[in-house]
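Tertiary structure, described
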Amino acid sequence: MKENKRALVISGGGSKGAFAGGVAKFLIKDKKYDYDLILGTSTGSLMVIHLALEKIDELEYLYANIKQRSIFSNNPFFVKKVHGVQVVGVRHLNTIWNFINRRKTFGESKNLRRFIKRNLKRSYFDEVKKSKKEVIVTVSNLTSNEVEYKSINDYSYEDYCDWIWGSCNYVPFMSLLKKNNFEYADGGFGCLVPIKKAIERGATEVDVIILETEVEHLSRMPSTSPFSLLSTVIEFMLDQVEQQNIAIGKLEAKRNNVKLNLYYTPTVLTTNSLIFNKKLMKRWWKQGYEYAKSKDLVKMNELK
């Protein structure tokens, strides 16, 4: 008989990761789920080690206090209010500065690499590595044109900090990770929701946190510049990748008799997940927790 193995999968989604944290808090602290396997893409990769150690309060503090400067060493965006509405624009001087310095991206996220090392303590890494739990992050290898899945069991502390950083780097707006003669970028470009990988690793039940609504509710505003057009095109492609990942995951689950529990965001949280607003992220964390709690209550009532 196949051994029961529970997995948690967290999709990419930038600042919307705060919502995923709230859902994970309910699953781990309230439902007492003990995960054998935790997989994360992009913002999800930032959470996997803290979740494996059940350091939920510490993770909540990090997501409630992260700022733009925690991420960007050269921020290509600015945010201003126009008639009470937040409008995102491009800092053209910052992008020109990157070009003058012969960099390949519009912005730089070296501050995020420092943030990861500062908050992902070596002792945390060692503790997870010695445990029976496995954490995996996804990265997109642009050189070899494939998705790679990086298990904590296979790497040193410094290497794993690199892989987490690489998984989060939403190029061309953030840094490009160059490692082992390859160029790496956000894992979401190849696999935004790694359900299939969780099943391949032996999961018999998978909780999946998807940082988008189940049904498309968004009509994007017309592009105002080449930068906004590029962002819109990338977001469109990521939406297609996400839908494909979920469809493939559902097929794999059915074929392998694996139970899937999907947690979507009930509403559109933001149209630009690279803007990190502390007040909004605190609210999203709470919303994620309440949403998971209400969904569980509905499920329990259906079983009665």
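The preceding data block contains the structure.
This text gives an overview of the structure that appears in the document. (Residues numbered from 1 in each chain as written. Predicted model: local features only at pLDDT ≥ 70, side-chain atom pairs only at ≥ 80, totals over all residues. Heavy atoms only, no water.)

What about a positive patch on the surface?
Together, Arg69, Lys278, Lys279 and Lys282 line one region of the surface with positive charge. Per-element tally for the positive patch: the top contributor is helix H11 (residues 278-303), with three residues. Within the fold, Lys279 resides in helix H11. (Patch = residues over 30% accessible without salt bridge, like charges linked within 9 Å, V, L, I, M, F, W, Y side chains within 5 Å. Areas by Shrake-Rupley, 256 points an atom, 1.4 Å probe, with all protein chains shown as cover. Salt bridge = Lys/Arg side-chain N within 4 Å of Asp/Glu carboxyl O. Lys, Arg positive; Asp, Glu negative; His and termini not counted. Charge placed at Lys NZ, Arg CZ, Asp CG, Glu CD. Helix = DSSP H or I, 4+ residues; strand = E, 2+ residues; numbered from the N terminus.)

Quick notes on the packing of aromatic side chains
In this structure the tally under the stated criterion is 12 aromatic pairs. Between the aromatic rings of Tyr33 and Tyr35, the centroid separation amounts to 6.3 Å while the plane-to-plane angle is 75°, which identifies the pairing as edge-to-face. Residue Tyr33 shares its accessibility class with Tyr35, and that shared class is buried. In this structure an aromatic cluster arises from ring pairing among Phe106, Tyr170, Phe173 and Phe189. The lysine or arginine in question, Arg6, covers the ring of Tyr33, its NZ or CZ lying 3.6 Å from the ring centre. (Phe/Tyr/Trp six-rings, centres within 6.5 Å; stacked < 30°, edge-to-face > 60°. Buried < 20%, exposed > 50% of the residue type's maximum accessible area, 1.4 Å probe, protein only. Lys NZ or Arg CZ within 6 Å of the ring centre and 35° of its normal.)

Examining the pattern of salt bridges
Per the counting criterion, the structure on display carries 21 salt bridges. Measuring nitrogen to oxygen at the nearest pair gives 3.8 Å for the salt bridge that ties Glu158 to Arg122. Residue Glu158 is located in helix H8 (residues 157-168), and its partner Arg122 is located in helix H7 (residues 122-130); the two are separated by 36 residues in the primary sequence. A relative accessible area of 46% places Arg122 in the partly exposed class. Taken together, the salt bridges that share partners define one network made up of Arg113, Lys117, Arg122, Glu158, Asp159, Asp162 and Lys179.

Considerations on the nonpolar core
Counting 68 residues, the largest nonpolar core has Leu8, Ile49, Leu51, Val135 and Tyr160 as its most contacted members. Ranked by residues supplied to this core, first place goes to helix H1 (residues 17-30) with eight residues. Apart from the residues within four sequence positions on either side, Val135 is in contact with Ile38, Val48, Ile49, Ala52, Val128, Lys150, Ser151, Ile152 and Tyr160. Listed in part, the 20 residues of the second largest apolar core include Ala203, Ile210, Val258 and Tyr264. (Core = buried A, V, L, I, M, F, W, Y, C linked by side-chain atoms within 4.5 Å. Contact = heavy atoms within 4.5 Å.)

Let's talk about the packing of helix H6 (residues 110-119) against H8
At a closest axis distance of 10 Å, the pairing of H6 and H8 adopts a crossing angle of 135°. On the basis of the axis angle, H6 is oblique to H8. Where H6 crosses over H8, the two elements pack in a sense that is right-handed. Residues Lys110, Leu112, Arg113, Ile116 and Lys117 of H6 form the contact with H8, whose participating residues are Tyr157, Glu158, Cys161, Asp162, Ile164, Trp165 and Cys168. (Axes fitted to C-alpha atoms, helices over the stretch in contact; angles between N-to-C directions. Parallel < 35°, antiparallel > 145°, perpendicular 65-115°, else oblique. Left-handed = near helix turned anticlockwise from the far one by under 90°.)

Brief notes about a nonpolar patch on the surface
Together, Leu93, Ile96, Trp97 and Ile100 make up a nonpolar patch on the protein surface, roughly 470 Å² of accessible area in all. Classification of Leu93 as exposed rests on a relative accessible area of 70%.

Topic: unusual backbone geometry
Following Val171, the chain continues to Pro172 via a peptide bond in cis, the omega torsion being 10°. Although it is not a glycine, Ser42 sits at a positive phi angle of roughly 55°. One can find Ser42 in the loop between strand E2 (37-41) and helix H2 (48-52). Since its relative accessible area comes to 7%, Ser42 is described here as buried. Phi at Asn181 takes a positive value of approximately 70°, unusual for a residue other than glycine. Summarising the element assignment, Asn181 is placed in the loop between strand E7 (177-179) and strand E8 (182-186).

Structural notes on the side chain of Gln68
Within the secondary structure, Gln68 sits in helix H4 (residues 68-71). On the basis of relative accessibility, which here comes to 18%, the residue Gln68 falls in the buried class. A polar contact is formed between the side chain of Gln68 and the backbone oxygen of Leu274, at a distance of 3.5 Å. Once residues lying within four places of it in the same chain are set aside, the contact partners of Gln68 are Asn75, Leu274, Ile275 and Phe276. (Polar contact = N/O pair within 3.5 Å; in protein donor to acceptor, adjacent residues only side chain to side chain.)

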